[in-house]
Amino acid sequence: MNKVDLLSGTLDLMVLRTLAALGPLHGWGVARRIEQISGHQLILNQGTIHASLVRLQQRRLIKGEWGTSENNRKAKFYSLTPSGRKQLDAEAENWQRIASVMEKILSVLPEEMGG
Amino acid sequence: MMPRVFEALARIRGILTKKRLVQDFDDEWACMIEIATDENIRFGMDPHTARREALLRMGSSEEARELHRDTCGLPLLETIGHDIRYGMRQLRRSPKFMLAAVLILAIGIGANAALFSEINAVFWKTLPVQQPEQLRTIVWSSPKRAFTGHDLGPPSYTGFVDTPLIGSFSFSSYTTMRNRATAFSGLACWRRGEVNSGEWGSIEAQIVSGNYFATVGVDAVLGRVILPVDEEGARSHPVAVLSYRFWQRAFGGSAGALGQRITINGSPATVVGVLPRGFFGVDPTYAPDVVLPLAMNAIVTGRPRAIEDTRDWTSCEIVGRLSPGVSDAKGQNELESLVHQAILTDPPSEPYELPHIWLKNAGQGLDSLRNATRWSFPVLILIVALVLLIACVNTAGLLFARGMSRQREFATRLALGVSHGRLLRQLLTETLLIWLIGGIAGIVLAYAFSPFLPRLISHFIDTPITRPPLLQFEIRPDWIVLGLSMGLTILTALIFGLAPALRASRVKPISVLNKRQARPIDDDICPFTGKVLVSAQIALAMLLLIAAGLFIHTVVNIRSVPMGFDPHGVVFFRLEPARNGYDVNRRYKLFHDLVDRLQHEPGLVAASGSRTPLQVAGTASVCVPGHAPARLSDSLVNINSVSPGVFDTWGLPLVSGRDVTWMDGTENPNVAIVNEAFVNKYYPGKNALGQNFAFKCGGQQVWIVGVVADMRTVVRAGARPAVYIPYLQSPGGGRIVLTVRTAIDRASAASLVRRIVSQLDANLPVLDDMTPIELRDRQTQREHQVTVVLVLFGLVALILSCLGVYGLLAYIVTQRKPEIAVRIALGARRDEVLLMIMRESLVPAATGIACGLISAVVLIRSVHAIRSYLSEALFRVSMNDPWTLVGAVSLLFLTAIVAAMVPAWSACRMEPMATLRHD
């Protein structure tokens, strides 16, 4: 399977989106869900995910609390803060704009470019 | 925006709470392993496989923890901190290396810091007074200065113009200026004087007008300063203000000094105040012990009416405070017209030219000191720069060798995943640490010596008659000096530390680790660099040694100049009877009595007197019939007043005519004895005996009754025309210099003279005793001192290059141990081995010597400043002096051989089998 290289900053956005969609998750859960959603095109290093979680916490976009998992295991659960939700909206919109621009440019035919 | 601020704050907080954060991480990581294992078990794996898979899936916990640490804190700052801690540990592990490097750098940087602070004090610092930039010293110049009488000291200021600038005025011209000048908020008069002060002996007194301290802008730290009220003649009681230093010396810094009496030339004066520490007036080459009001002028100078005398232009040196917003030109014009007015109220009968007035910025106050040190400072700057360069090159050499011997450590760290950049940063940090410690040690060293620096500077100033001046300005830690020294430290660290660090960090781990012994892969490069560094050091040391050699030769030549008389056994003693109220007749009697008594003492071969020792100080202009001087300096001759028998005492041959006698008094015709240089200049080819001349054209005639041989008292100047007149026929000056030629030792001669003087007048101190040799050495103090400094630092350079050669060779021997062992085992003769090793160091030494020699010659040839400096400073020594060059070459070469012998000897004494087995 080809590994997809992540653009910097995109991982943070993925984490925010995952937490927004699925509610509080622990680090392992966040990584697995992102992999699942990507159709296993992304293989995430647990350390990298963890660093992203720490960074988002420092920026007060998410918060982490110790709790118990469904299997009665202790784990730290992360959830979005209000400012995290705002940030997600802004970032997501921004990302979509970039993506649509990229799509247009990449779909331009050679003759159109030359014109 | 806000999230980023929160992140920065959290990271800063993270540095402090790192331990807990890492603990949190470990907890969380462990929990997630459990969760992952559970998940795998749910997928049907057995617990053991489930756990292994989970661990694999999670990845390296070490790497994750490292990432976590970096995310939590400020990684750059922390690595720097880490580098410093690691560096310190490495340095502590090799204390010998560290000590050597720090010591070498401390010498180099310390010498520079000391010189910086001197230069700072002399050239950039302003006087410790309020608004020093407003202060001006008033000076004047005139080609024909008949309005001043004769007895004007040598010109004390230079600059602006070729005509000499003179800093002293008559009191009447001062008062005219003070009363009418509008451009100045204050004009103050001061003069120098030396006084006898009871148990304190001879001390420096400064006489000031009442407005002096208000003008300069200084207040007393204790009591009060001299005030205008002290100037009011008879009503004022005699008062004295002490310098801080004299207060400490005489009263131990006690406040009880106020109201105490001190004696000034036998008269009492009441102490009313103490000046701030470090304040010396406006001339730093002159440091008064006491400051007295102008009303005490007569007591200090011994001349009751000196102030009223409009022809006495030695009365006042003037310092003024320019009013804010007034230009120098305006002040200058105003003072010039006022001085002209003052002169025209009582114009002299001889032709004269009205003086030009110049204003000199007195705020820095150090003009006289700058002039006095101008000669020595350039060479000092060069010396310390060279010493620093040598120290840096030497340390760079040490760093190279150390880098090579640590290759195994570096290779291991690289193999463990440390990047080259990271290693380089680590090495640079260590280098910077060494330099900083060395730099700080140097600066501390420099400041530890700073109390001695003013005294050191004073030894670079020539002082013909009296002791070297006690400079009173203080050298204190100063941001400029500190900044410059630290800047120099970091700059040299980067220049000289980068290359060794770069070199050492370029290690190839595999090739190093594969070797059983820690040796470099490319053996050639390291010793090559080392050799270049050794050559460079030796070349620099060569420059210093050549300079030292040239100056040693100069001093030797100065000392071997024949003085024209026999200086051995001659001792001078100075008496200042005029200060104790002796008038000219009483002085003459004292003089006569003293000479009489001394002549009858056993052990004293001859005893006689004069006004100054030999003919060192005192000039007068003469008017010789038929001789028209083109310039003022053409009519200047040295003058001294003498008693009968003085030439015998000096051992100066009388060429023709007669000596002066006790009969040559004021009632008899004025007579003089001249030297051969005088005859050659003014009466070339004629018999000078019976001729006459005058000191003022149209003045009293002086008949030449004798001619004596020339003496060389100013070594560089050659023989100058000189006139000796009988003591009683020369009015000025209250000084007696007793001259004694003694067969006994100097100390007993001194006590003998002191005893006889005290028999005649118990209150008259005998001030200095001095020999003609000392007199000559004091005049050539600069040459002596520069030589001392050069020799001192030349030795330092020699020792450093010795260390450099030794270090290089010792390193090479360690590296080549197995090879040498094999050679010996295969039957190489030990002397061959010795030679082979010696060659390794003698080739770079010879290269360095050659480079030093060539660059010295090139520098002297092509740099104008160096050539003109040397041609002025050296005395009868060619700049390519063969003795110096041969001496420097052989000294350095011998040093290199000695330094190389030790490691080479140990190499050829090696036991081959033991070495090979060990390897």
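Bear in mind the structure is a predicted one, so any value in this text is a computation, not a measurement.

Student: Hey, could you run me through the overall build of chain B in this one?
Tutor: When helices and strands are counted, chain B shows 29 helices and 22 strands. Considering chain B as a whole, with its 919 residues, one finds that 53% of them fall into the buried category. When the accessible area of chain B is evaluated, it comes to approximately 40,500 Å², of which 62% is carbon and sulfur surface.

Student: I keep staring at the overall build of chain A and nothing clicks. Help me out?
Tutor: Scanning chain A from N- to C-terminus turns up five helices and two strands. Listed by position from the N terminus, the elements making up chain A come as α-α-α-β-β-α-α. Just so you have it, chain A exposes about 7,000 Å², and 53% of that area is on carbon and sulfur atoms.

Student: Would you mind showing me how to read unusual backbone geometry here?
Tutor: Negative phi characterises most residues that are not glycine, and trans characterises most peptide bonds. Not every positive phi belongs to a glycine, and H40(A) is a case in point at roughly 60°. Examined against the element boundaries, H40(A) turns out to sit in the loop between α2 (27-37) and α3 (46-58). At R876(B), a residue that is not glycine, the phi angle is positive and equals roughly 55°. Topologically, R876(B) is positioned in the loop between α27 (864-873) and α28 (882-908).

Student: Would you mind going over the packing of helix α5 (residues 75-93) of chain B against helix α15 (residues 420-448) of chain B with me for this structure?
Tutor: A pair of packed helices is captured by two measures, namely the crossing angle of their axes and the spacing between those axes. Residues and elements named next belong to chain B. Where α5 meets α15, the axes come as close as 9 Å, and the angle between the chain directions of the two elements is 60°. Regarding the angle of α5 to α15, the classification is oblique. Taken as a pair, α5 and α15 cross one another with a handedness that is right-handed. Contact residues: α5 offers L76, T79, H82, D83, I84, Y86, G87, M88, Q90 and L91, while α15 offers R422, R425, Q426, T429, E430, L433 and I434. A class-by-class count of the residues in the contact of α5 with α15 yields seven nonpolar, six polar and four charged.

Student: For this particular structure, what's the right way to read the pattern of salt bridges?
Tutor: A side chain of one charge can pair with a side chain of the opposite charge if their charged atoms are brought near each other. Scanning the model with the defined rule gives 32 salt bridges over all chains in all. The shortest N-O distance in the salt bridge between D12(A) and R59(A) comes to 3.7 Å. Separated by 47 residues along the polypeptide, D12(A) in helix α1 (residues 10-22) and R59(A) in the loop between α3 and β1 (62-68) bring together distant segments of the chain. Taken as a pair, D12(A) and R59(A) share a single burial class, namely buried. The salt bridge involving E35(A) is made with R57(B); its shortest N-O contact spans 2.4 Å. Residue E35(A) is located in helix α2, and its partner R57(B) is located in helix α3 (residues 47-58); the two belong to separate chains. Three or more residues are tied together by salt bridges with common partners; here these are D12(A), R55(A), R59(A), E7(B) and R11(B).

Student: Where do I start with the interface of chain A and chain B in this structure?
Tutor: Accessible area lost upon the coming together of the parts serves often as the stated size of an interface. With 27 residues of chain A in contact, the opposing surface of chain B contributes 27 residues. With both chains or domains summed, chain A and chain B bury close to 2,500 Å², and 58% of this area falls on carbon and sulfur atoms. Of all residues in chain A, W28(A), Q58(A) and R59(A) give up the largest surface area on contact with chain B, accounting jointly for 30% of the area buried on that side. Linking chain A with chain B are four salt bridges, by the criterion used here. For R73(A), the salt bridge identified is with D38(B), shortest N-O distance 2.8 Å. Going through the elements one at a time, α2, α3 and β2 (74-80) of chain A are the ones with two or more residues in the side of chain A that touches chain B. If one sorts the elements of the side of chain A that touches chain B by residue count, α3(A) sits on top with eight residues.

Student: Help me out: how do you make sense of helix α9 (residues 244-251) of chain B in this one?
Tutor: Owing to its 3.6 residues per turn, the α-helix aligns residues three or four sequence positions apart on the same side. Residues and elements named next belong to chain B. Taken together, the buried positions of α9 are occupied by F246, W247 and A250. One face of α9 carries all of its buried residues, which in axial projection span an arc of 105°. Among the structural elements, β4 (202-208), β5 (222-223), β6 (239-242), β8 (267-274) and β9 (290-293) are those in contact with the buried residues of α9. Following α9 by one or two positions, G252 has its phi on the positive side, about 60°.

Student: Whenever I open this one, the pairing of β1(A) confuses me. Can you help?
Tutor: Here is the key point about a regular strand: its side chains alternate between the two faces of the sheet. All names here are of chain A. Here β1 runs beside β2; their pairing, made up of seven bridges, is antiparallel. Counterpart to W66 in the pairing with β2 is K76. Linking β1 back to β2 in an antiparallel pair, the connection comprises five residues, with N72 at a positive phi of about 65°.

Student: Honestly, the packing of α3(A) against helix α2 (residues 18-42) of chain B in this entry has me stumped. Any pointers?
Tutor: Between α3(A) and α2(B), the shortest axis-to-axis distance is 13 Å and the interhelical angle comes to 130°. The orientation of α3(A) relative to α2(B) falls into the category oblique. Here α3(A) runs over α2(B); the crossing is right-handed. Every residue of α2(B) that contacts α3(A) at Q46(A), G47(A) and H50(A) is listed here: F25(B), E28(B), W29(B) and M32(B). Here the contact of α3(A) with α2(B) is composed, by residue class, of three nonpolar, three polar and one charged.

Student: Explain the state of the cysteines to me, please; I cannot follow it from the model alone.
Tutor: Cysteine pairs can be covalently joined through their sulfur atoms, and such a bond is termed a disulfide. All names here are of chain B. Counted by the stated rule, this structure contains one disulfide over all chains. In this model C189 forms its disulfide with C316; the gap between the sulfur atoms is 1.9 Å. The chirality of the disulfide connecting C189 with C316 is left-handed, given an S-S dihedral of about -85°. With C189 in strand β3 (residues 184-196) and C316 in strand β10 (residues 316-322), the pair connects residues that are 127 residues apart, well separated along the chain. Accessibility classification places C189 together with C316 in one group, the buried group.

Student: I keep staring at the nonpolar core and nothing clicks. Help me out?
Tutor: A general feature of soluble globular proteins is that nonpolar side chains tend to end up buried together. Residues and elements named next belong to chain B. One finds I383, L544, F551 and I837 to be the most contacted residues of the largest nonpolar core, which totals 87 residues. Among the elements that line this core, the one with the most residues is helix α25 (residues 781-825), at 16 residues. Discounting residues that sit within four places of it in the chain, I383 has contacts with L544, V789, L790 and F793. Counting 44 residues, the second largest nonpolar core, distinct from the first, contains I262, V290, W313 and L338.

Student: What is the right way to look at the environment of K74(A) in this model?
Tutor: Tracing the chain through its elements places K74(A) in strand β2. Put simply, K74(A) and H26(A) are 48 residues apart on the chain and 9.9 Å apart in space, counted from C-alpha to C-alpha. For K74(A), the residues in contact, after removing those within four places along its chain, are W66(A), G67(A), T68(A), C31(B) and I35(B).

Student: What is the right way to read the environment of I203(B) from this model?
Tutor: All names here are of chain B. Mapped onto the elements, I203 comes out in strand β4. Given a relative accessible area of 1%, I203 falls into the buried group. In the structure, I203 is positioned 85 residues away from P288 in sequence and 7.7 Å away in space, judged by C-alpha atoms. In this structure, I203 is in contact with G193, E194, V195, S197, F246, D289 and V290, ignoring residues within four places of it in sequence.

Student: Looking at this structure, I do not really get the side chain of N675(B). What am I missing?
Tutor: Tracing the backbone through its elements, the reader meets N675(B) in strand β17 (residues 671-675). Here the side chain of N675(B) touches F678(B) through a polar contact of 2.9 Å, landing on its backbone nitrogen.

Student: Even after reading the chapter, I still don't get helix α11 (residues 328-344) of chain B, so can you show me in this structure?
Tutor: Residues and elements named next belong to chain B. Spanning 17 residues, α11 covers 24 Å between terminal C-alpha atoms, matching the ideal 24 Å at 1.5 Å per step. Every buried residue belonging to α11 is among G331, E334, L335, E336, L338, V339, H340, A342 and I343, and all of these are buried. On the buried face of α11, the contacting elements are β1 (135-141), β2 (168-169), α7 (171-180), β3 and β11 (356-361).

Student: Even after reading the chapter, I still don't get a positive patch on the surface, so can you show me in this structure?
Tutor: Residue and element names in this part refer to chain B. Taken together, the side chains of R85, R89, R92 and R93 make up a positively charged region of the molecular surface. If you trace the backbone, R93 turns up in helix α5. Overall, the relative accessible area of 61% leaves R93 in the exposed class.

Student: It is not clear to me how the packing of aromatic side chains should be interpreted in this structure. Could you clarify?
Tutor: The description of an aromatic ring pair uses the distance of the two centres, along with the angle that the planes make with each other. With the rule as written, the count across this model stands at 16 aromatic pairs over all chains. Their ring planes at 90° and their centres at 5.1 Å tell us that Y212(B) and F213(B) sit as a pair that is edge-to-face. A residue is classified by how much of its surface remains accessible, and F213(B), at 2% relative accessible area, is buried. Ring geometry for F693(B) and F695(B): centres 5.6 Å apart, planes at 85°, overall edge-to-face. For F695(B), a relative accessible area of 18% puts it in the buried group. Through a chain of ring-to-ring contacts, three or more aromatic side chains come together here, namely F678(B), Y682(B), Y683(B), F693(B) and F695(B). Its end group placed over the ring of W66(A), K74(A) keeps NZ or CZ at 4.9 Å from the ring centre. Lying across the ring of Y582(B), R586(B) places its NZ or CZ 4.0 Å from the centre.

What counts, and at which threshold
- Residues numbered from 1 in each chain as written.
- Chains lettered and ligands numbered in written order.
- Predicted model: local features only at pLDDT ≥ 70, side-chain atom pairs only at ≥ 80, totals over all residues.
- Heavy atoms only, no water.
- Helix = DSSP H or I, 4+ residues; strand = E, 2+ residues; numbered from the N terminus.
- Buried < 20%, exposed > 50% of the residue type's maximum accessible area, 1.4 Å probe, protein only.
- Areas by Shrake-Rupley, 256 points an atom, 1.4 Å probe, with all protein chains shown as cover.
- Axes fitted to C-alpha atoms, helices over the stretch in contact; angles between N-to-C directions.
- Parallel < 35°, antiparallel > 145°, perpendicular 65-115°, else oblique.
- Left-handed = near helix turned anticlockwise from the far one by under 90°.
- Contact = heavy atoms within 4.5 Å.
- Nonpolar A, V, L, I, M, F, W, Y, C, P; charged D, E, K, R; others polar.
- Salt bridge = Lys/Arg side-chain N within 4 Å of Asp/Glu carboxyl O.
- Buried area = accessible area lost by both parts, 1.4 Å probe.
- Arc of directions from axis to C-beta.
- Pairing = 2+ DSSP bridges.
- Disulfide = S-S within 2.5 Å.
- Core = buried A, V, L, I, M, F, W, Y, C linked by side-chain atoms within 4.5 Å.
- Polar contact = N/O pair within 3.5 Å; in protein donor to acceptor, adjacent residues only side chain to side chain.
- Expected span 1.5 Å × (residues − 1).
- Patch = residues over 30% accessible without salt bridge, like charges linked within 9 Å, V, L, I, M, F, W, Y side chains within 5 Å.
- Lys, Arg positive; Asp, Glu negative; His and termini not counted.
- Charge placed at Lys NZ, Arg CZ, Asp CG, Glu CD.
- Phe/Tyr/Trp six-rings, centres within 6.5 Å; stacked < 30°, edge-to-face > 60°.
- Lys NZ or Arg CZ within 6 Å of the ring centre and 35° of its normal.

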